[in-house]
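Residues per chain, in single letters:
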Amino acid sequence: MSDQLKFPRPTLQAGEVLHGFKVLRVETLPAVRLTAYEIEHEKTGAKVLHLHSLDRENLYAIGFRTPPADSTGLPHILEHSVLAGSKKYPLKDVFKELMRSTLQTFINAFTYPDKTIYPVASQIKGDFFNLARVYTDLVLQPRLLKETFFQEGHHLEFAVPDDLSSSLTISGIVYNEMKGAYSSPDSLMYKAIQENLYPDSIYAFDAGGDPDVIPTLTYEHFCKFHRTYYSPSNARFFLYGDIPTTDHLAFLAEMLAGFKRVKVNSSIKSQKRLTKPRIIHSSYPVDKNESLNRKTSVNLAWMLSENADFENSLILEIISGLLVGSSASPLRKVLIDSGLGEDLTPVSGIEGDLKQLMFAVGLRNTDSTDAPNIEKLIFATLENIVSTGYDSDLIEGILHQIEFHGKEIVRGSYPYGITLMGNVFQTWLYDGDPLIGLDFPLLIEKIRKLWAADPQLFQKMTKQWFLDNRHRILAIMEPDPDFNENKEKEHQEKMARLKASFNDGELEKINVRAKELKKFQSSDDSPEAAATIPQLKISDIPCPVEIIPIQNVLLEGVPALEHNIFTNGIVYIDLVFDISHIPEELQPYLPLLGKITTGMGAAGFSYDEMAKRIALKMGGFGYDPGAGFSADAGSCWQKIFFSGAALYRNLPEALDIISDILCAGDLSNENRMYDLIAERKNNLQSAIVPSGHIFAKMAAGAALTLPGYRDEQWNGRTQLRFVQDIALNFPSVKRELAEKLAQLKAMIFSRDNLIINVTAEIDGLKLIGNNIARLLDKLRATANKQKQAPPPLPPVQAGIAVPTQVSYVARVMRAPAYIDPAAALLLVAAKELSSSYLYKHLRVQGGAYGGMSSYDPSLGLFSFLSYRDPHLVETLQVFRDAEIFFSQNEIDADEMRKAIVSTIGMLDKPQDPAGRGHIALMRSIAGITDGMRQKLREEILSATPQKLKEILSKYFSDAAGSSAVAVYSAQEKLDEANKQLEEKLVLEHLF
Ligand SMILES: [Zn+2]
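Here goes a summary of the coordinates provided. (Residues numbered from 1 in each chain as written. Predicted model: local features only at pLDDT ≥ 70, side-chain atom pairs only at ≥ 80, totals over all residues. Heavy atoms only, no water.)

1. Comments concerning the overall build of the protein
Secondary structure summary: the protein contains 35 helices and 29 strands in total. Computed over C-alpha atoms, the radius of gyration of the protein comes to 28 Å, within 12% of the 30 Å expected from 2.2 N^0.38 for 991 residues, which places it in the range of a compact globule. On the principal axes, the C-alpha backbone points of the protein span a range of 80 × 70 × 60 Å. Out of the 991 residues belonging to the protein, those deemed buried represent 60%. For the protein, the exposed surface amounts to about 37700 Å²; the carbon and sulfur share of it is 52%. Measuring between centres, the 105 positive side-chain charges of the protein sit 3 Å from its 123 negative side-chain charges. (Helix = DSSP H or I, 4+ residues; strand = E, 2+ residues; numbered from the N terminus. Rg over C-alpha atoms; globule rule 2.2 N^0.38 Å. Buried < 20%, exposed > 50% of the residue type's maximum accessible area, 1.4 Å probe, protein only. Areas by Shrake-Rupley, 256 points an atom, 1.4 Å probe, with all protein chains shown as cover. Lys, Arg positive; Asp, Glu negative; His and termini not counted. Charge placed at Lys NZ, Arg CZ, Asp CG, Glu CD.)

What follows is the structure, given as structure tokens:
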């Protein structure tokens, strides 16, 4: 991702016809380094948009409008199913094959409330077109086997196979995935608001699927939906990257040959405006032992303007940022300071993925009796804003954020093309101008002009769209300890009634069909079928590792790493402080140190003034404590990272802000401190159900290594309980807390305890050199350091009860160092386990949403995990069986090749400039040299089935003694499991 200052010049003109495509429009967008082509396929009417750039990571995506007609989850089940083979590629799971046998940098499929999109990306042109070719064929001409529908959607089976007296159950991948989603308070909150704010539109339905409704979907409807909406005439092709437009058109012409134009009625109707506000009630599951006091969430939600009216949308987005976007936002501040609830609900803000925009704001951890007060307070605040106007610094801060994020080259877990695609579809899907949201400098200029012409612009819009807008709902979501039990009971009764309605012959038929499905699932694809997928040879993979520029320097005497990388005018800086000398009793406070120092006032500025300064001059400022092993596992590092970014022109002020935060922090505002703690507590709490497997892994890992122990202590349930305790007893512990934080600051924030990491082009690096003294001069010279003994690691065999309908199972083992001869093969093994053995046994046969394995040399852990899993005891057995299988069997050569390709694909994931600078820093901290990386890569590339078996049989038998198990699940499921398990789970309640 270099040299993006330039952009490709237009090669086609509007009106030109090429390969059966008509070029409708060509636009150059130099500020975002793009040339855009809007194109139509003459024969079918398929719409094509190419954003031509110099980025090597090309993206290809097919999108369809897929309006749901009910909550059977049809669009979602179809999204899963089209990837299960076509006539040309008759494999059971082509998606998985592509994922592991190509150098894709991104491959996925997304179901939205009104559209379905299938994107793939690669940095290698041949690989890119292979992926695009298979993907297009799957989507346009899938086989849609009945077995696939049963497997992905729903089917009946007996709780005990072949035992017709056992109870009848429903299984299916989407069915279980959605059962997980319907246990998550955040998704339930969002769903309740969406379906009630758009009651007469398609948004009243759940395109993902309601587990109660999914079983009513028939195979015939399923096939018909595909015929109706998955035609080129209803398709939008989004292309991004450096491949020339003409190459894309030649390719698409071949893909679309043979298709005719058909009439598709997929237009999405607007929700008509409601004239009266409504109140709605809903509930969510909580643990039976939990207190119900102050567990309600209250939201106010408005339907705003049409998404395609972009100027309006942008102003409303700015208003959303003004109202709730940062801790300086007046509405956020008033709500949190009111004490009516603990923090803002996770749905607070604007939602742009619907035909008409939606804005919601509310408080969680409140009582339903406070709902009218919350509503009143919101309106009083809005009235106040409308009459007095917004702080102009706050508006400037938001405009700066739009400029910063528009300029920044971001490639987190998604390619940059995905970000652009999201932006384009926001208007394109509703027949608006697809390019209107891309040229951010122009947009800011336009908004500035409107604002200059009418200084009351933002308050007038606030009046129109919020204060005077009667299309709104007050949504109250209350805790219900019987939620899951009632659901389960209802479900059991329904299944019993269903079973009673079948005669013996029909029951026998169900059993036979379930067995046939199992047989289909466990059979392997034929070698001829497998050979249809374009294959990458090991020799096609580049052998040398990519080297990230790194320069060791001293900045005012402080050791620093500099990375000269193209960042498009942004400086990234990490301040890395050592924390290995922090005594054990202070360790749990480290995440709070980060949260509180970055969130409080400083140097005479209140916390909201600080938030405003950050918004005006920086792209953000964050923190993260971390721990890991050195390359040889001979030692552990423990550090806290503070990371910020700023445009070159703002760097001096940004360094002043950082220095104020670290050196002149003010801990006196107790209310603010409490709010930050409550926010951290609530964020941890709501992360559990969506990432239960990660929490289970942390819980188990704590038994095995110091980095694993720290991970649990700082990010797992141990941290949640710690923060919960502080929040609960805040009045009596607040003094102690402030003292401990002050102690930590004195022990950590000093020059002799610091490494600086900077990523920018040469001009930015120079700017740092010239200005860093502004920060370093204020830091204390030395910190008080004493060596600490590591904490004892407790054994773990935990069953952690949480309110969920599915389980998350982790079995974790101690694993060797980065430079260990086994490391390369363990990386390959983890990939192979995830995409073959665990995939087959947990997902395909077990109905879990996911099963995976990972090897992390930094944490020193090898893990087996399951995600949204209907099973528990069986899953632990699958983990053990997997070990035995790989210790006793050699996988075939083709499997081996795929495992190697996907391991390399993982290591070669493209990174954005900030990510590259950060990775180089992490390697330097762990002492991982480019030589070691090269050696590891060569060992991966030369791995053989025989070596893999040898290493695994040794590793699994050595590691058997050092394993730990943790399961997050419902109490009843844990109790049930303990009746069968030899090694009992030690039961604990999270709340
Ligand atoms: Zn899904």
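2. Concerning the sheet that holds strand β24 (residues 797-801)
Pairing in this open sheet of 6 strands is mixed, and the strands run β26-β27-β25-β28-β24-β29 from one edge to the other. Each edge of the open sheet is held by one strand with a lone partner, namely β26 (850-856) and β29 (986-989). Geometrically, the sheet is characterised by an average inter-axis angle of 15 degrees between neighbouring strands, direction not taken into account. Examined bridge by bridge, β24 and β29 share 4 bridges and lie parallel to one another. Across the sheet, the residue bridging to A798 is V986, located in β29. (Pairing = 2+ DSSP bridges. Axes fitted to C-alpha atoms, helices over the stretch in contact; angles between N-to-C directions.)

3. Looking at the sheet that holds strand β21 (residues 620-629)
Read from one edge to the other, the open sheet built from 6 strands follows the order β18-β19-β23-β20-β22-β21, with strand pairing classed as mixed. Only two strands of the sheet have a single partner each, and these edge strands are β18 (551-555) and β21. The average undirected angle you get between the axes of adjacent strands in this sheet is 25 degrees. Note that strand β20 (residues 570-578) and strand β23 (residues 754-760) share 6 bridges and pair antiparallel. Counted as the bridge partner of L575 is I756 from β23. Across the face of the sheet, helix α32 (residues 913-926) comes into contact with β19 (558-564), β20, β21, β22 (636-647) and β23 while running at roughly 155 degrees to β22. (Contact = heavy atoms within 4.5 Å.)

4. A few points about the pattern of salt bridges
Per the counting criterion, the structure on display carries 59 salt bridges. R364 is paired through a salt bridge with D343; the nearest N and O atoms lie 2.9 Å apart. With R364 in strand β16 (residues 356-366) and D343 in strand β14 (residues 343-344), the pair connects residues that are 21 residues apart, well separated along the chain. For R364, a relative accessible area of 7% puts it in the buried group. Shared partners join several salt bridges into a network, and the residues in it are K96, E97, R100, E832, D894, E895, R897 and K898. (Salt bridge = Lys/Arg side-chain N within 4 Å of Asp/Glu carboxyl O.)

5. Describing empty space enclosed by the protein
Unfilled space is identified by rolling a water-sized probe across the atoms. Inspection of every chain in the model, using the stated rule, returns 8 cavities of 30 Å³ or more. Approximately 350 Å³ is the volume found for the largest cavity. As for the largest cavity, its lining consists of 24 residues, of which P185, D186, Y284, Q685 and S686 are closest to the centre. Elements with a contribution of two residues or more to the lining of the largest cavity: α6 (185-197), β12 (278-285), β16 and α22 (670-687). Its residues placed into classes, the lining of the largest cavity shows 13 nonpolar, 7 polar and 4 charged. One number sums up the size of the second largest cavity: a volume of about 100 Å³. Lining the second largest cavity are Y175, K179, P211, D212, K487, E488, H491 and Q805. It is helix α16 (residues 483-501) that provides the largest number of residues to the lining of the second largest cavity, a total of 3 residues. (1 Å grid on protein atoms, 1.4 Å probe; cavity = no way out; pocket = protein on both sides within 12 Å on 5 of 7 lines; lining within 4 Å. Points joined across faces, edges and corners; volume = space filled by probe spheres on them. Nonpolar A, V, L, I, M, F, W, Y, C, P; charged D, E, K, R; others polar.)

6. Observations regarding the coordination of the zinc ion
In the first shell of the zinc ion, the protein supplies H76 (NE2), H80 (NE2), E177 (OE) and E177 (OE), at 2.1 to 2.7 Å from the metal. Each donor residue of the zinc ion lies on one chain, and together they are spaced H-x3-H-x96-E. You can see H76 sitting in helix α1 (residues 74-82) and its partner E177 sitting in helix α5 (residues 173-181), a full 101 residues away along the chain. Grouping residues by exposure puts H76 and E177 together as buried. (Donors = N, O, S within 2.8 Å, 3.2 Å for Na, K, Ca; no water.)

7. Some words on unusual backbone geometry
The residue R33 is not glycine, and still its phi comes out positive at about 60 degrees. On the secondary structure map, R33 appears in the loop between β2 (21-29) and β3 (34-41). When its relative accessible area of 6% is taken as the criterion, R33 is described as buried.

8. Things to note about the packing of aromatic side chains
For the structure on display, the rule yields 44 aromatic pairs. Pairing F106 with F110 gives two aromatic rings, centres 6.3 Å apart and planes at 35 degrees, and the pair type is tilted. F106 sits in the buried class, given a relative accessible area of 7%. For F110, a relative accessible area of 16% corresponds to the buried category. Geometrically, the ring pair formed by F149 and F222 is tilted, given 4.8 Å between the ring centres and 45 degrees between the ring planes. Placement of the pair is F149 in helix α4 (residues 146-152) and F222 in helix α7 (residues 219-229), with a sequence separation of 73 residues. Each member of the pair, F149 as well as F222, carries the same accessibility label: buried. (Phe/Tyr/Trp six-rings, centres within 6.5 Å; stacked < 30°, edge-to-face > 60°.)

9. A word on helix α26 (residues 730-748)
Of all bends in α26, the biggest is about 25 degrees, found at E736. Among the residues of α26, those classed as buried are F730, L737, K740, L741, L744, K745, M747 and I748. Tucked inside the fold, the buried residues of α26 contact β20, α19 (590-599), β22, α22 and α25 (717-728). (Bend = angle between axes of the 7 residues up to and from the residue.)

10. Comments concerning the side chain of H155
Looking at where H155 falls in the secondary structure, it is placed in strand β9 (residues 155-158). Polar contacts involving the side chain of H155 include one to the main-chain carbonyl oxygen of F150, which spans 2.9 Å. A distance of 2.9 Å separates polar atoms of two side chains, one belonging to H155 and the other to E157. Dropping the residues within four chain positions of it, H155 is found in contact with F150, T169, I170, S171, G172 and L517. (Polar contact = N/O pair within 3.5 Å; in protein donor to acceptor, adjacent residues only side chain to side chain.)

11. Things to note about the packing of helix α24 (residues 706-715) against α25
Closest axis-to-axis distance for the α24/α25 pair is 4 Å, and the angle between their directions is 35 degrees. Like other packed secondary-structure pairs, α24 and α25 cross with a definite hand, here right-handed. Across from E712, Q713, W714 and N715 in α24, the residues of α25 making contact are R717, T718 and Q719. Grouping the amino acids of the contact of α24 with α25 by side-chain chemistry returns 1 nonpolar, 4 polar and 2 charged. (Left-handed = near helix turned anticlockwise from the far one by under 90°.)

12. Quick look at helix α23 (residues 692-701)
The buried fraction of α23 is high, at 9 of 10 residues. Where α23 is concerned, the buried positions are G692, H693, F695, A696, K697, M698, A699, A700 and G701.

13. A short note on the side chain of T903
Tracing the backbone through its elements, the reader meets T903 in helix α31 (residues 893-907). The buried category is assigned to T903, whose relative accessible area is 0%. Within the structure, T903 has its side chain in polar contact with the backbone oxygen of A899 (distance 2.6 Å). Setting aside its immediate chain neighbours within four residues, T903 contacts L827, V828, K831 and I940.

14. Focus: the pairing of strand β5 (residues 58-65)
Taken across its 8 residues, β5 has 8 buried, putting it largely inside the fold. Going residue by residue along β5, you find N58, Y60, I62 and F64 tucked away on one face and L59, A61, G63 and R65 tucked away on the opposite face as well. The sheet contact formed by β5 and strand β8 (residues 115-122) spans 8 bridges and is antiparallel. Bridge pairing in β8 links N58 to S122. Judged from the 6 bridges that link them, β5 and strand β11 (residues 235-241) form a sheet pairing that is antiparallel.

15. Focus: the nonpolar core
Counting residues in hydrophobic clusters, the biggest one holds 166 residues, and the most contacted among them are L51, Y60, F238, W302, L323, F458 and F466. Every residue in contact with L323, bar those within four places of it in the chain, is listed here: S329, P330, L331, R332, F359, L382, I385, Y390 and F466. Core analysis: the second largest hydrophobic core is formed by 61 residues, L536, V576, L825 and L826 among them. (Core = buried A, V, L, I, M, F, W, Y, C linked by side-chain atoms within 4.5 Å.)

16. Let's talk about the packing of helix α30 (residues 873-888) against helix α34 (residues 945-959)
Packing of α30 against α34 brings their axes to within 7 Å, and their N-to-C directions diverge by 140 degrees. If you check the angle between α30 and α34, you find them oblique. Where α30 crosses over α34, the two elements pack in a sense that is left-handed. Taken together, the residues of α34 that come into contact with α30 (itself represented by E883, F886, S887 and Q888) are K949, L952, S953 and F956. Partitioned by chemical class, the residues of the contact of α30 with α34 number 3 nonpolar, 3 polar and 2 charged. (Parallel < 35°, antiparallel > 145°, perpendicular 65-115°, else oblique.)

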